[in-house]
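Architecture and fold: a report
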Amino acid sequence: LRLGCDCRHKIDFHLYQLSAISHRAARQFTEMFREAHNLLLFFLNCVFASASGRIDGICLSAGIKASSDNLSVDCDDAVSSFDRIIASLPGGGNSFGGAVLSAMDGETYTNATKQYASARVVTAPSFIVQATNQSDVRAAIIFAAHCEYKVTARSGGHSYMGLSSCDGSETPCIQIDVGKINHIYVNESLTGSKQVSVGPGVRLVDLYPALIDNDVYIPAGECGGVGVGGHMQTGGFGIFGRSLGRFNSHITAFDIILADGSLVSISSPQKKKTTKFNDDIWYAVIGGASGSFGVIVDVTFNPIDEQKYSAFSWEVNYFYSDTTKHCIQNMFQEFATMLADENFANDSRWNIMFTLSGTKTYLFPILTSLTFNSLQLDFTWVATGSSGGADTFSEAQAIYDRLHNAYTFQGNDSGCITLDQYFEMSGFGEGKTRYPSTYANASDTKPMSVLHKEVTLVDWSALGLEKRGIPFTSSYQQGPKYPHADELLKVFDVIDALMPKNPQTDQRFVTAQMGALIGPPKSVSNVAQPFQDDLFGVSVDVWSLDGADYSEILCDLQDLVISSVGGVDHRTFWGAYEDICLECGAWNKYYESRSKYDRLRQIKGCVDPDDLFKFRMSIPVMKEKSSKSEKRGKSDTFKQLFT
């Protein structure tokens, strides 16, 4: 424990878990054994890291392939090579526990290559490694470096541009799928505080039941199929995010496997307690460019104690058609008016998001022959204190009423109705069950994890759009300014033009979201997460069921949104589209400054000098000159790793 390395924080964490487990006699012996095993693993890696000197800020040397020539690696036999590599690793186990898929595996391989909403790009790795543990991942990385494959990492496969995959026909590449590394451990200290340790393959839809059981909450996005490994690197903004921050703002530590196969534990930077090496990787991984710096194998969160907050949630679906367009315009105008009120805009208790869904097409039969478009209002309210209280609820109810009444401003206008009312009028009672609206009340408060799971979490991948290979076009912009009413209405008009109107001829499925973002109060300075001060965002996704091209309309929309939210073209890594070549100049659409982008390139050159983790949008290497005393010889890393 006296070793001068960052692994001590992870060792402390496992000792902390052991102490908590032994204190609670109900814990099984197997859990204590697991934590003791993890402690030994991290101790061994700590010894390696301390001996090599890299943990004190020394970068990896280029030429890792040459460094591994002493290993018995057969580039034509991955599985056997994995077995031999794992047997050589400290605490690595006896054999490879995962699976290797190639095109020769037919449909099994084809299904494994599918990525959410990425039919527009080729996702065909030379082969896929489906890892089940850390040793599998380490073996795959060492094998890839030796046999000159590039590496991409996939946790949930939810990148719109297929960035967690690759095209083996262009460059030999391996996709490491960590979807089966899906452990969830919730550990309680003697004082009652809790930590959550999660595998990268855990999907949000599986995370929330564990949080509910332990009365804690971690704010995250709304897509249930998203994997933690990618989500923690790109942000994680959801319906409680404006009040409680992004998913990755609650991380306290993570374990990552670097390009030389070493397992490194990285913890939240602390003055005089963590090294520059630790702090640089922390900075780069959280918000830099997901998958550019290594493969995440574990993430530790400091969750929110549900007992300290009261939360209310409304999720109301409204009927959307040509006859109700004016109702939606009134609601948006009212929202923009509310945002113009400085007191309202500065109140972090509210979270508001609008979702426009265009499903009015016979080629996308969600509800038998009944086709419709809809507007969904997601409104949540988070207040400190667990009592709920009539006063804070009445404040929230008043905000919801303003928006709801703006839509139903003509009480006897039969067109301006909720979707529930539409289903009743159509004689389709099942629709109310499948697309329910939820309304908060003061006497029925629920934990935020329950609300997130039951109300806002949606598994879009269940629609099977990616498996059907449907062409997909998207747009996402955000900026540091709230749009004025006239600007927001112009944005809505363009989105409305995209919506299917005639179910027989309009063969497309459209979703659009717009709403307030987190803004400056929740900014975190020691991470690369870009554009944290932005206040408003608009996204549009179009699935073309007949192959029609909607890119020109989306370009017009992008220009309009940019002018409405501050005149800047700010995009997100998870929602990347079109210009994604960072080296070609697209970096300024994803990072706010050249200095941030260059710092990421420098860190990349330090931890991945051979550019092993390379894909369509990875951070490029910036190589720096160093003296011999600052770098190890090319063979030192692997000699020390396997000693």
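Residues numbered from 1 in each chain as written. Predicted model: local features only at pLDDT ≥ 70, side-chain atom pairs only at ≥ 80, totals over all residues. Heavy atoms only, no water.

On to the environment of Asp 279. Mapping Asp 279 onto the fold places it in helix 10 (residues 276–285). Given a relative accessible area of 22%, Asp 279 falls into the partly exposed group. For the pair Asp 279 and Ser 268, spaced eleven residues apart in sequence, the C-alpha to C-alpha distance is 7.5 Å. Ignoring sequence-local partners within four residues, the contact set of Asp 279 consists of Pro 269, Thr 274 and Arg 599. (Helix = DSSP H or I, 4+ residues; strand = E, 2+ residues; numbered from the N terminus. Buried < 20%, exposed > 50% of the residue type's maximum accessible area, 1.4 Å probe, protein only. Contact = heavy atoms within 4.5 Å.)

This part takes up the confidence of the model for the protein chain. Chain-level pLDDT for the protein chain is 85 on average; 82% of the residues reach the 70-or-more range. Below a pLDDT of 50 lies the segment residues 1–9, which in the model reaches 26 contacts outside its immediate sequence neighbourhood of four places, other chains included. (pLDDT = per-residue confidence, 0-100.)

Let us now look at the packing of aromatic side chains. Using the criterion set out here, one finds 31 aromatic pairs in the structure. Pairing Phe 372 with Phe 423 gives two aromatic rings, centres 5.6 Å apart and planes at 85°, and the pair type is edge-to-face. With Phe 372 in the loop between strand 13 (350–358) and strand 14 (373–384) and Phe 423 in helix 14 (residues 419–426), this residue pair connects regions lying 51 residues apart in the sequence. Judged on exposure class, the residue Phe 372 and its partner Phe 423 are both buried. What links up through ring pairs into an aromatic cluster is the set Tyr 320, Phe 332, Phe 335, Phe 344, Trp 350, Phe 354, Phe 492 and Phe 536. Above the ring of Trp 350, the side-chain terminus of Arg 242 is found at 3.6 Å from the ring centroid. Note that Arg 599 overlies the ring of Tyr 283, its terminal NZ or CZ placed 3.7 Å from the centroid. (Phe/Tyr/Trp six-rings, centres within 6.5 Å; stacked < 30°, edge-to-face > 60°. Lys NZ or Arg CZ within 6 Å of the ring centre and 35° of its normal.)

The buried fraction of helix 16 (residues 448–456) is high, at seven of nine residues. All of the buried residues along helix 16 are Met 448, Ser 449, Val 450, Leu 451, His 452, Val 455 and Thr 456. Against helix 7 (204–213), strand 7 (216–217), helix 9 (241–244), strand 11 (304–305), strand 12 (309–320) and strand 14 lie the buried residues of helix 16.

The next thing to look at is the nonpolar core. Judged by nonpolar contacts, the single largest core of 67 residues is most densely connected at Phe 240, Phe 254, Ile 256, Ile 281, Phe 301, Tyr 591 and Met 617. No other element matches helix 10, which puts six residues into this core. Look past the residues within four positions of Ile 281 in its chain and what remains in contact with it is Phe 254, Ile 256, Leu 258, Ile 266 and Val 607. (Core = buried A, V, L, I, M, F, W, Y, C linked by side-chain atoms within 4.5 Å.)

Bringing the pattern of salt bridges into the picture now. Within this structure, the stated rule accounts for 19 salt bridges. Residue Glu 592 pairs with Lys 596 through a salt bridge whose shortest N-O separation is 3.0 Å. Here Asp 611 and Lys 604 are joined by a salt bridge, their closest N and O atoms 3.5 Å apart. (Salt bridge = Lys/Arg side-chain N within 4 Å of Asp/Glu carboxyl O.)

Along the chain, the position of Asp 559 falls in helix 18 (residues 551–564). The exposed category is assigned to Asp 559, whose relative accessible area is 52%. Counting along the chain gives 68 residues from Asp 559 to Val 491, while the straight-line C-alpha distance between them is 9.8 Å.

On to the state of the cysteines, then. Tallying each qualifying case throughout the model produces five disulfides. Note that Cys 166 is cross-linked by a disulfide to Cys 173, the S-S spacing being 2.2 Å. Here the S-S torsion is close to 95°, and the disulfide linking Cys 166 with Cys 173 is therefore right-handed. In this structure Cys 166 comes out as buried when scored by relative accessible area, which is 7%. Judged by relative accessible area, Cys 173 falls into the buried class, the value being 2%. (Disulfide = S-S within 2.5 Å.)

This brings us to the side chain of Ser 243. Inspection of the secondary structure puts Ser 243 in helix 9. In this structure Ser 243 comes out as buried when scored by relative accessible area, which is 10%. For Ser 243, the side chain forms a polar contact with the side chain of Asn 351, separated by 2.8 Å. (Polar contact = N/O pair within 3.5 Å; in protein donor to acceptor, adjacent residues only side chain to side chain.)

So, on to the sheet that holds strand 3 (residues 150–154). The mixed open sheet is built from four strands, whose spatial order is 1-2-4-3. Each edge of the open sheet is held by one strand with a lone partner, namely strand 1 (99–101) and strand 3. Averaged over all adjacent pairs, the angle separating strand axes in this sheet is 20°, with direction ignored. Sheet topology note: the strand 2 (residues 127–130)/strand 4 (residues 173–177) ladder contains four bridges and is parallel. For Gln 130, the partnering residue across the bridge sits in strand 4 and is Asp 177. Contacting strand 2, strand 3 and strand 4, helix 6 (residues 134–147) runs over the sheet at an angle of about 175° to strand 4. (Pairing = 2+ DSSP bridges. Axes fitted to C-alpha atoms, helices over the stretch in contact; angles between N-to-C directions.)

The next subject is the packing of helix 4 (residues 78–88) against helix 6. Here helix 4 crosses helix 6 at 115°, and the two axes come no closer than 9 Å. Considered as vectors, helix 4 and helix 6 are oriented roughly perpendicular to each other. Of the two possible hands of crossing, helix 4 and helix 6 adopt the one that is right-handed. The segment helix 4 lies against helix 6, with Ala 78, Ser 81, Phe 82, Ile 85 and Ile 86 engaging Ser 135, Asp 136, Ala 139, Ala 140, Ile 142 and Phe 143. The class makeup of the residues in the contact of helix 4 with helix 6 is eight nonpolar, two polar and one charged. (Parallel < 35°, antiparallel > 145°, perpendicular 65-115°, else oblique. Left-handed = near helix turned anticlockwise from the far one by under 90°. Nonpolar A, V, L, I, M, F, W, Y, C, P; charged D, E, K, R; others polar.)

Through backbone hydrogen bonds, the strands of a sheet pair up, either in parallel or in antiparallel fashion. Strand order across the open sheet formed by six strands is 12-14-13-16-17-15, with antiparallel pairing between neighbours. The sheet is open, and its two borders are formed by strand 12 and strand 15 (472–479), each paired with just one other strand. Strand-to-strand, the axes of this sheet are offset by a mean angle of 10°, without reference to chain direction. Looking at chain direction, strand 13 and strand 16 (residues 508–516) are connected through six bridges and run antiparallel. Opposite Ser 357, over in strand 16, you have Thr 511 as the bridge partner.

A few words on the environment of Tyr 591. On the secondary structure map, Tyr 591 appears in the loop between helix 18 and helix 19 (594–607). Given the relative accessible area of 2%, Tyr 591 is considered buried. Remark: the alpha-carbon pair of Tyr 591 and Phe 531, spanning 60 residues in sequence, is separated by 7.2 Å. Dropping the residues within four chain positions of it, Tyr 591 is found in contact with Gly 287, Gly 288, Ala 289, Pro 530, Phe 531, Leu 582, Lys 596, Tyr 597, Leu 600 and Ile 619.

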